[in-house]
Amino acid sequence: MKKLLSTFAMIFALTGLQASAQDVAAMSDLEFAHIAYTADNIDIRYAHLALALSNNPDVHEFANTMIRDHTAVNEAALALLAKLGASAQDNAVSQTLNTNAEEIIDGFVKLRGAEFDAAYAANELAYHKAVNELVENTMIPNIDNGEVRDLFVQGLEIFKAHEHHAEKMVKALK
């Protein structure tokens with residue numbers, strides 16, 4: 001279990017989120033939108049996996065919250081992009097997130113019971129911390145469009161609550 005959690009942490013670190021913050025800061029609003037959309041979809045995938053593999057009601061509650069909230073934010077983002085007549089732009093960060101998510105999912109599917117629950121909770125906490133930090137400290141300060149910035153600020157508020165919920169879940173599962 002510890003080896004798997006270390007692997008998750010290493011894989012997540014390799015996403016380059018924190019290491020490439022300077023590169024991310026130079027990206028466009030449309031690239032930021034794609035990173036956020038991708039990160040939301042990844043967390044939705046993790047949540048569906050949690051619903052399938054966990055029997056823990058608290059994990060199920062958290063997973064359902066992830067699906068509901070991340071879906072709502074993605075729908076709002078797509079509506080804003082449609083209003084602006086724009087499309088999110090794929091980029092290296094989005095691609096790396098997807099590649100590394102596949103590796104994390106491959107690790108998750110090998111786990112069951114309390115071992116899965118602990119790994120899922122730890123991953124959710126690390127994931128929200130890293131993405132929230134990137135959004136708050138790198139993306140939001142560099143977003144040009146006010147409506148896009150407002151959407152990111154609203155999403156960050158929701159996702160910080162997820163981070164706190166994940167932190168409580170990690171402690172409860174120890």
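Each remark here, short or long, concerns the structure printed above.
This report concerns the structure included in the present document. (Residues numbered from 1 in each chain as written. Predicted model: local features only at pLDDT ≥ 70, side-chain atom pairs only at ≥ 80, totals over all residues. Heavy atoms only, no water.)

Some words on the overall build of the protein chain
Inclusion rule: Going along the chain from the N terminus, every DSSP run of H or I of four or more residues is numbered as a helix, and every run of E of two or more is numbered as a strand. Residue burial is assigned from relative accessible area. The probe radius is 1.4 Å, only protein chains are included, and a residue is buried under 20% of its type maximum, exposed over 50%, and partly exposed in between. Pairs of residues are marked as contacts when any of their non-hydrogen atoms sit within 4.5 Å. Using the Shrake-Rupley algorithm and a 1.4 Å probe, accessible areas are obtained, with residue cover drawn only from the displayed protein chains.
Within the protein chain, the regular secondary structure consists of 7 helices and 0 strands. Starting at the N terminus, the α and β elements of the protein chain follow one another as α-α-α-α-α-α-α. For the protein chain, with 174 residues in total, the buried portion stands at 48%. When contacts within the protein chain are restricted to residue pairs at least 6 apart in sequence, those whose partners lie at least 24 apart make up 83%. Carbon and sulfur atoms make up 54% of the accessible area of the protein chain, which totals about 8,700 Å².

A closer look at the environment of Val24
Assignment of secondary structure puts Val24 in helix α2 (residues 21–25). Considered as a pair, Val24 and Asn142 are 118 residues apart in the sequence and their alpha carbons are 9.2 Å apart. With residues near it in sequence (within four places) discarded, Val24 still touches Phe32, Ile35, Val93, Leu134, Thr138 and Met139.

Concerning helix α7 (residues 146–173)
Along an α-helix, residues three or four apart share an orientation, since each turn contains 3.6 residues. What counts, and what does not: One fewer than the residue count of a helix, multiplied by 1.5 Å, yields its expected span.
Taking 1.5 Å per residue, 28 residues should reach 40 Å; α7 reaches 40 Å between its end C-alpha atoms and fits that length. Listed as buried for α7 are Val148, Leu151, Phe152, Gly155, Leu156, Phe159, His162, Glu163, Ala166, Met169 and Val170. Elements in contact with the buried residues of α7: α3 (29–53), α4 (57–84) and α6 (113–139).

A few points about the environment of Ala121
Mapped onto the secondary structure, Ala121 falls in helix α6. Considered as a pair, Ala121 and Met169 are 48 residues apart in the sequence and their alpha carbons are 6.2 Å apart. Contacts of Ala121, omitting those with residues within four sequence positions, involve Ala166, Met169, Val170 and Leu173.

Things to note about the nonpolar core
Test applied: What makes a nonpolar core is a set of buried Ala, Val, Leu, Ile, Met, Phe, Trp, Tyr and Cys residues whose side-chain atoms join them at distances within 4.5 Å.
Membership of the largest hydrophobic core comes to 45 residues, with the highest contact counts inside it found for Val24, Tyr46, Phe108, Tyr120, Met139 and Phe152. Among the elements of the structure, α3, α4, α5 (92–108), α6 and α7 are those that each provide at least two residues to this core.

Observations concerning the packing of α4 against α7
The relative placement of two packed helices comes down to the angle between their axes together with the axis-to-axis distance. The condition is simple: For every element, the axis is a line fit to its C-alpha atoms; helices are fit only across the contacting stretch, and the angle between N-to-C directions ranges from 0 to 180 degrees. Geometric relationships in this document are graded by angle, where less than 35 degrees denotes roughly parallel, more than 145 denotes roughly antiparallel, 65 to 115 denotes roughly perpendicular, and other angles denote oblique. Lys, Arg, Asp and Glu make up the charged group, whereas Ala, Val, Leu, Ile, Met, Phe, Trp, Tyr, Cys and Pro make up the nonpolar group; the residues left over, Gly among them, are polar.
Where α4 contacts α7, the axes come no closer than 11 Å and their chain directions differ by 170°. Relative to α7, α4 is oriented roughly antiparallel. Here the residues of the contact of α4 with α7 are counted per class, giving 15 nonpolar, 5 polar and 4 charged.

So, the pattern of salt bridges
A side chain with one charge may pair with a side chain of the opposite charge, provided their charged atoms come close. Spelled out, the test is: Salt bridge criterion: a side-chain nitrogen from Lys or Arg within 4 Å of a carboxyl oxygen from Asp or Glu.
Summed over the entire model, instances satisfying the criterion amount to 4 salt bridges. The salt bridge involving Glu102 is made with Arg45; its shortest N-O contact spans 2.6 Å. One end of the pair, Glu102, is in helix α5; the other, Arg45, is in helix α3, with 57 residues separating them in the sequence. Using a relative accessible area of 35% as the deciding quantity, one classes Glu102 as partly exposed. Lys160 serves as the salt-bridge partner of Glu136, at 2.9 Å between the closest nitrogen and oxygen. Here Lys160 lies in helix α7 and Glu136 lies in helix α6, a separation of 24 residues in the sequence. Among the residues examined, Glu136 registers a relative accessible area of 33% and is labelled partly exposed.

The analysis is restricted to geometry; functional conclusions fall outside its scope.
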